[in-house]
Amino acid sequence: MPTIEHTTAWQHARTLADEVYAQFGISFDIDYENQTCSAATLLSKSLAHSFGEEDKGGQRYSLLQARGYCGDLAAMVRSGIKLKKITPEKAEILIEKCDELSDLIRVVMKQYG
């Protein structure tokens with residue numbers, strides 16, 4: 001049974017994915033946008049998948065994947081600054097949300113052992 005923190009992490013991941021899609025949407029640099037949006041989607045998908053895992057090992061693996069996608073997404077957003085796809089101010093907001101979500105996932109992982 002997912003904990004409150006687990007459910008909250010998934011909700012934050014979905015909100016973050018929505019914000020990333022709103023920021024990067026469709027443009028002429030399809031590879032960058034696809035990778036960035038994919039990282040956001042895979043993050044929330046991994047958290048949702050962890051809900052269905054019946055054993056702690058499977059839950060931990062899905063949660064570890066989600067934490068990795070947090071890092072991937074933050075790295076892509078940082079690259080977006082250099083590519084002039086996002087302002088430094090907006091990037092900082094998204095990166096901070098990635099970091100907060102990663103911390104929350106760590107809390108969830110501790111709950112599952």
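A quick note: this is a predicted structure, and the numbers were derived from the prediction, not measured. (Residues numbered from 1 in each chain as written. Predicted model: local features only at pLDDT ≥ 70, side-chain atom pairs only at ≥ 80, totals over all residues. Heavy atoms only, no water.)

As for its position among the elements, Asp99 is in helix H4 (residues 88-111). The class for Asp99 is partly exposed, based on a relative accessible area of 40%. Sequence separation between Asp99 and Glu89 is 10 residues, and the spatial gap between their C-alpha atoms is 15 Å. (Helix = DSSP H or I, 4+ residues; strand = E, 2+ residues; numbered from the N terminus. Buried < 20%, exposed > 50% of the residue type's maximum accessible area, 1.4 Å probe, protein only.)

So, on to the pattern of salt bridges. Within the structure shown, the criterion is met by 5 salt bridges. Between Asp18 and Arg14 there is a salt bridge, and its shortest N-O distance comes to 3.3 Å. Taken together, the residues Asp18 and Arg14, both in helix H1 (residues 4-24) and 4 residues apart, mark about one turn of the helix. For Glu19, the salt bridge identified is with Lys90, shortest N-O distance 3.9 Å. (Salt bridge = Lys/Arg side-chain N within 4 Å of Asp/Glu carboxyl O.)

Another aspect to go through is the environment of Val77. Mapped onto the elements, Val77 comes out in helix H3 (residues 56-82). Considered as a pair, Val77 and Glu92 are 15 residues apart in the sequence and their alpha carbons are 8.6 Å apart. When near neighbours in sequence (up to four residues on either side) are disregarded, Val77 contacts Tyr32, Ile86, Ala91, Leu94 and Ile95. (Contact = heavy atoms within 4.5 Å.)

The subject of this paragraph is the confidence of the model for the protein chain. Summary statistics for the protein chain give a mean pLDDT of 87 and a share of 94% for residues scoring 70 or more. Taking the mean pLDDT of every element in the protein chain, the minimum, 84, falls on H1 and the maximum, 95, on H4. (pLDDT = per-residue confidence, 0-100.)

Attention now goes to the nonpolar core. Counting 30 residues, the largest nonpolar core has Leu16, Val20, Leu43, Leu47, Leu73, Leu101 and Ile105 as its most contacted members. Elements that contribute at least two residues to this core include exactly H1, helix H2 (30-52), H3 and H4. (Core = buried A, V, L, I, M, F, W, Y, C linked by side-chain atoms within 4.5 Å.)

With that settled, consider H1. Across its 21 residues, H1 extends 30 Å between first and last C-alpha, which sits within 8% of the 30 Å expected from 1.5 Å per residue. Three or more residues of H1 are buried, namely His6, Ala9, Ala13, Leu16, Ala17, Glu19, Val20 and Phe24. With its buried residues spanning 165° around the axis, H1 presents them on a single face. Seen from the open side of H1, the exposed residues pointing more than 90 degrees away from its buried face are Ile4 and Ala22. (Expected span 1.5 Å × (residues − 1). Arc of directions from axis to C-beta.)

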